Amino acid sequence: MSKVIVFDHPLIQHKLSIMRDERTGPKEFRELLEEISMLMVYEVTRDLPTEEVEIKTPVSIAKGRMLEGKKIGIIPILRAGLGMVDAVTTLIPAAKIGHIGLYRDPESLKPVEYYCKLPIDSENRLLLVLDPMLATGGSASAAISFIKARNCTNIRFVCLIAAPEGIAVVQRDHPDVDIYVAGLDECLNEHGYIVPGLGDAGDRLFGTK
Ligand code: PRP
Ligand code: URA
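One structure accompanies this document, and this report is about it. (Residues numbered from 1 in each chain as written. Chains lettered and ligands numbered in written order. Predicted model: local features only at pLDDT ≥ 70, side-chain atom pairs only at ≥ 80, totals over all residues. Heavy atoms only, no water.)

**A word on the overall build of the protein**
Secondary structure assignment for the protein yields six helices and 13 strands. Rg of the C-alpha trace for the protein: 18 Å, near the compact-globule value of 17 Å for 209 residues, within the 12% margin. Each of the three principal axes of the protein carries a C-alpha extent, and together these read 65 × 40 × 30 Å. Considering only residue pairs separated by 6 or more positions, the protein has 63% of its internal contacts joining residues 24 or more positions apart. Accessible surface, the protein: about 10900 Å² in total, of which carbon and sulfur atoms supply 54%. A gap of 5 Å separates the mean positions of the 24 positive and 29 negative side-chain charges of the protein. (Helix = DSSP H or I, 4+ residues; strand = E, 2+ residues; numbered from the N terminus. Rg over C-alpha atoms; globule rule 2.2 N^0.38 Å. Contact = heavy atoms within 4.5 Å. Areas by Shrake-Rupley, 256 points an atom, 1.4 Å probe, with all protein chains shown as cover. Lys, Arg positive; Asp, Glu negative; His and termini not counted. Charge placed at Lys NZ, Arg CZ, Asp CG, Glu CD.)

Here it is as structure tokens:
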């Protein structure tokens, strides 16, 4: 069974509370999503392998550690996952970026795919799949299945808010994919929205309806 890592850091919880507030507009919402994503990336990458290096300082030789050349790819699920991309590339500028386009059919709540382009050399990368919302889990599970169908095996899912239902679906379908989440909420309502959640993440991020 995969791990679920819930972030209880005060900075993350503070920022998430502001994001949930219905009075928070798109500008602040975007900024907060980026800030929280950056804080999360710090933890998501904690176990990346490093190797010892020797650095010539102006004074002498220092032994230090640097990333072991592990390649990273990030794959936002369109649209709302786009709001998490800049945070990752700020910290990991060499990361390659793919995109998976999915929307949730409002009637069936099933994911509909409209785009999929993965980073070059994805099979050899640690892939971070980004989407602020894990509700029924249909979108996340489908996105991870698309990625696995292209021979990728090292995948982590990073989201802002998850419902227990969505976590159960991803764990059932992808027991090898760890889930990183800033807020674990109560349930879904009859429209498949996370309760209490923050509403429609894509609409709040981009100012659409
Ligand atoms: C939202 C969200 C996830 C999905 C989660 O996207 O960003 O991708 O819903 O719901 P699920 O777990 O029940 O699949 P949406 O379908 O609203 O598309 P959008 O980002 O283009 O607005
Ligand atoms: N997608 C969202 O953006 N919000 C939810 O609460 C559920 C799905």
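**Some remarks on the side chain of Gln 171**
One can find Gln 171 in helix H5 (residues 164-173). Owing to a relative accessible area of 15%, Gln 171 belongs among the buried residues under this scheme. Leaving out residues up to four positions away in the same chain, Gln 171 has contacts with Met 1, Ser 2, Val 4 and Ile 179. (Buried < 20%, exposed > 50% of the residue type's maximum accessible area, 1.4 Å probe, protein only.)

**A short note on a nonpolar patch on the surface**
Judged by side-chain polarity, Val 4, Val 6 and Leu 184 come together as a nonpolar surface patch covering roughly 210 Å² of accessible area. Positionally, Val 6 belongs in strand E1 (residues 4-6). Judged by relative accessible area, which is 39%, Val 6 ranks as partly exposed. (Patch = residues over 30% accessible without salt bridge, like charges linked within 9 Å, V, L, I, M, F, W, Y side chains within 5 Å. Salt bridge = Lys/Arg side-chain N within 4 Å of Asp/Glu carboxyl O.)

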